[in-house]
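Structural overview for review
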Amino acid sequence: MGESRGSIAFFASYRPPVALDIFCCPAPPSSPQEELHLTDGDSYNYNCQPIPPAALKTIVERLGVSRGDAVEDDIDSGRITGLVFVSEREHNLETLHIALRFTDDGEVQVFSLADAYGADGLFSGARMEDSGCIAGGYEVDGRTVDHYLVYVSTKEPVQERRSPWNVSYKTNLRTGETERLTPPGTFDISPSVSPSGKKVAVASYQGKKWDGEIKNLNTNIYVMSLENPSNDRERVIENGGWPSWGSEDVIFFHRKDGDGENSCWGVFRYTLSTGETVRVTPVAFDAVTPAAIDETRVAVAAIRQKSEFNDVRVEAQYRHIEVFDMSSPERPLQITRNTRPKADHFNPFVMDGGKFIGYHRCKSELLQHGDDLPRKFHKLQSPHEDVGVFRVSGVFPTFSKDGSQLAFVDNEFKSVWLADSQGMRVVFKTDGPDSVFSPWWNSKKDILYVCMGPSFKASETLEIHSIHNVSTGDRKSRQLTFGGFNNAFPSTNPDGTKFVFRSTRDGGAKYSKNLYIMEDADAGEDEGGGQSSVTRMTAGEWIDTHCQWSPNGKWIVFSSNRDRPADAPERDHGLDPGYFAVYLMDVASRSVVRVIRSGYDVAGHVNHPVFSPDGRSIAVTSDLAAVTADPMSLPLFLHSVRPYGDIFTVDIDPDDMAKNRDVERFVRITHSRYENSTPAWTVFSTHDPHAQWNLLVVEDEHVPTCPYAHPDGGESWHMTGQICIPKRHC
């Protein structure tokens with residue numbers, strides 16, 4: 001039965017708040033007017049590749065597209081061209097689509113792979129697809145090999161914790177027959193096809209496990225034949241990503257070179273016949289995501305000057321497309337700085353032998369000045385038939401006591417927003433250096449709890465406040481915790497009389513965090529610092545956090561690093577190594593059972609657990625599926641905490657806690673290149689008329705408004721989510 005168990009809301013970090021779309025420029029362009037818009041402007045569109053004419057004829061025949069009797073002639077003459085790219089227009093999933101562009105009238109028709117090859121099997125269900133490119137079409141023993149679409153998909157479930165799901169496939173464009181290219185037990189990203197169509201290069205985890213790295217994956221590059229990939233697969237480059245063929249003998253790729261502050265990303269050229277590797281781009285700046293034109297010329301995305309979090313960026317700090325020629329590397333050809341100098345451009349591709357260079361960027365020239373928040377939420381296809389899934393426009397979504405209202409925090413952690421039948425509005429705001437986060441509704445009253453203070457600083461004071469009469473407009477706030485501790489993540493019991501929270505009180509010099517219960521959710525604790533109204537529930541030199549009371553009041557779910565190994569490093573790639581797992585605690589006996597492990601032999605993050613309304617499942621945000629795309633191909637995020645990854649669920653026994661020890665099976669809910677986090681689960685479906693926030697839920701994308709956009713199309717927001725952040729934070 002559709003969404004009979006309610007809906008899961010979540011937030012997507014690092015996803016640009018302004019829709020991405022695909023463009024190209026002649027090389028070089030002489031004016032901004034020479035930039036061409038290649039797609040239809042609907043939804044988020046990115047990671048594009050052109051489709052060769054011969055392959056396009058097969059696709060058009062498969063689609064049954066008809067524009068008179070001369071379709072093949074129009075393809076040969078260039079009056080009809082084709083692109084394969086990622087779009088979010090189908091159920092807001094990140095999947096491959098095909099665009100047919102008719103140059104005589106500028107019309108663009110877009111089709112999903114399911115339109116051509118059927119909605120059953122590989123092209124259905126929750127998944128992510130990426131890096132589509134065309135292979136085949138060559139002659140072998142007097143026969144012409146069919147054309148294939150080569151790409152990556154996360155369709156096949158993987159139950160090993162912290163293992164990638166990315167598998168490369170080939171789909172016959174004529175028959176639709178699909179085969180796996182990636183060997184069993186390993187995972188690939190970023191496939192690229194050689195000019196002949198015979199070989200495929202991939203960045204691969206083969207022979208290694210993902211180690212928690214989120215910026216430099218340290219993949220190796222393998223080359224395999226299209227027709228016999230399992231037996232003809234060879235590692236050719238160590239520590240390389242994003243391969244691109246310059247010829248049958250030359251591969252360009254990117255790699256991070258050097259250590260510490262002197263390290264930077266560069267594009268390199270590898271010759272298969274000699275094994276020679278040559279750096280193409282200078283060490284003075286970062287260059288990534290190469291797109292080879294031929295053996296000596298390559299288009300790259302370059303960031304010539306590093307930027308800090310608070311910078312108001314200058315032109316050199318934006319990501320721009322440049323073409324490097326090895327015969328004159330000191331004079332690269334500027335592409336996008338001539339069209340939109342104050343906009344980031346991503347992942348170049350080559351058209352018409354290098355006469356045109358394509359890329360994607362945000363469509364900020366379409367924005368109007370106005371509100372700084374998107375006015376809709378976005379529904380995604382769910383792997384659960386009885387649970388809905390949607391992405392909200394802010395962090396830490398939480399539902400009211402009756403499920404009719406949804407509150408969340410903006411991406412600056414300064415305002416609390418409320419979504420209901422009246423639309424979206426701010427109901428609480430903080431000024432000054434403090435942040436506000438982790439709102440939680442009282443289970444019985446019109447009260448919203450929030451945490452106020454510095455975020456991600458255990459040594460700093462963080463206090464819990466209550467906001468009364470949230471929906472009526474009174475909204476008086478009251479401080480509930482005192483003593484100068486770091487207190488956060490309140491969650492009330494079903495009666496609304498108490499709340500559990502985590503705190504550094506009793507944490508000592510290491511600022512350990514344990515769970516406590518505020519015995520009077522209305523009065524809070526004594527302002528003088530007495531703790532008679534607070535009961536300690538856990539004790540240890542660890543971090544217990546992200547706690548929630550169960551719907552039946554018997555248990556508390558929380559995340560903790562209490563099982564962190566004694567010899568675990570203090571830092572991992574410069575960040576907290578995690579070892580966060582999920583636990584259940586019996587409120588009466590205080591006994592604890594680990595429900596979801598972190599990883600087997602490496603660190604990991606399983607955080608922000610929440611119960612389903614019926615108590616039969618737990619949703620978490622976690623890196624259980626590792627990294628789904630090369631991070632350097634994405635909007636660059638700075639000063640971030642470690643991304644958790646995606647939303648997952650596990651089923652539990654709601655009556656016997658002991659039966660929930662180390663649950664093995666999990667279900668991946670979201671499939672995304674971005675970080676999806678902080679889930680909330682309501683009893684209402686996205687279609688229930690009593691859930692007034694569902695008036696804001698839509699099936700497709702829209703163009704939000706942003707008051708901080710440059711009139712020339714530049715982005716003045718910090719790319720950390722769907723909410724625009726003022727210029728001073730770019």
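Residues numbered from 1 in each chain as written. Predicted model: local features only at pLDDT ≥ 70, side-chain atom pairs only at ≥ 80, totals over all residues. Heavy atoms only, no water.

Let's shift gears to the overall build of the protein chain. When helices and strands are tallied, the protein chain shows three helices and 51 strands. The buried share of the protein chain, taken over its 730 residues, is 61%. Restricting the contact set of the protein chain to residue pairs at least 6 apart, pairs at least 24 apart contribute 58%. If you sum the accessible surface of the protein chain, you get close to 27000 Å²; carbon and sulfur atoms cover 46% of it. (Helix = DSSP H or I, 4+ residues; strand = E, 2+ residues; numbered from the N terminus. Buried < 20%, exposed > 50% of the residue type's maximum accessible area, 1.4 Å probe, protein only. Contact = heavy atoms within 4.5 Å. Areas by Shrake-Rupley, 256 points an atom, 1.4 Å probe, with all protein chains shown as cover.)

To continue, consider the pattern of salt bridges. If you walk through the whole model with that rule in mind, you get 39 salt bridges. When the shortest N-O distance is used, the salt bridge between K510 and E541 registers 3.8 Å. With K510 in the loop between β39 (499-503) and β40 (514-518) and E541 in the loop between β41 (534-536) and β42 (544-549), this pair connects stretches of sequence that are 31 residues apart. Since its relative accessible area comes to 66%, E541 is described here as exposed. Where salt bridges share partners, they join R5, D614 and R616 into one cluster. (Salt bridge = Lys/Arg side-chain N within 4 Å of Asp/Glu carboxyl O.)

Attention shifts here to the packing of aromatic side chains. The final tally for this structure, using the stated rule, is 17 aromatic pairs. Judged by centre distance (6.1 Å) and plane angle (40°), the ring pair of F123 and Y151 falls under tilted. Of this pair, F123 sits in the loop between α3 (113-117) and β8 (129-136) while Y151 sits in strand β11 (residues 147-153), and the two are 28 residues apart along the sequence. Just as F123 is buried, Y151 falls in that class too. One aromatic cluster in this structure is built from F377, F390, F399, F408 and W693. Above the plane of the ring of F23 lies R361, whose end atom (NZ or CZ) is 3.9 Å from the centre. Residue placement shows R562 over the ring face of W542; its charged tip is 4.1 Å from the ring centre. (Phe/Tyr/Trp six-rings, centres within 6.5 Å; stacked < 30°, edge-to-face > 60°. Lys NZ or Arg CZ within 6 Å of the ring centre and 35° of its normal.)

This next bit is on the sheet that holds strand β45 (residues 592-596). Here we have four strands laid out as an open sheet, ordered β42-β43-β44-β45, and antiparallel in their pairing. For this open sheet the edge positions go to β42 and β45, each flanked by a neighbour on one side alone. Adjacent strand axes in the sheet meet at a mean angle of 30°, parallel and antiparallel pairs treated alike. In this sheet, strand β43 (residues 555-560) lies alongside β42 in antiparallel orientation, the contact comprising four bridges. By the bridge assignment, Q548 is partnered in β43 with V557. (Pairing = 2+ DSSP bridges. Axes fitted to C-alpha atoms, helices over the stretch in contact; angles between N-to-C directions.)

This brings us to the pairing of strand β23 (residues 297-303). Consecutive side chains along a regular strand alternate between the two faces of the sheet. Counting buried residues in β23 gives six out of seven residues, a clear majority hidden from the surface. One ladder, built from five bridges, connects strand β22 (residues 286-292) with β23; its direction is antiparallel. Counterpart to A291 in the pairing with β23 is A299. Between β22 and β23, which pair antiparallel one after the other, the connecting turn spans four residues. For β23 and strand β24 (residues 320-325), the ladder comprises six bridges, and the chain directions are antiparallel. Residue pairing for β24: A302 is matched across the bridge by H320.

On to the sheet that holds strand β34 (residues 435-441), then. Spatially, four strands are ordered β34-β35-β36-β37 in an open sheet, and the strand pairing comes out antiparallel. In the strand order of this sheet, the two ends are held by β34 and β37 (477-479), each with one partner. Put simply, the sheet's adjacent strands are angled 30° from each other on average, direction ignored. Both strand β35 (residues 447-453) and strand β36 (residues 463-468) contribute to a ladder of six bridges, which runs antiparallel. Residue pairing across strands places M452 opposite E463, the latter belonging to β36.

The values are spatial; any link to function lies outside them.
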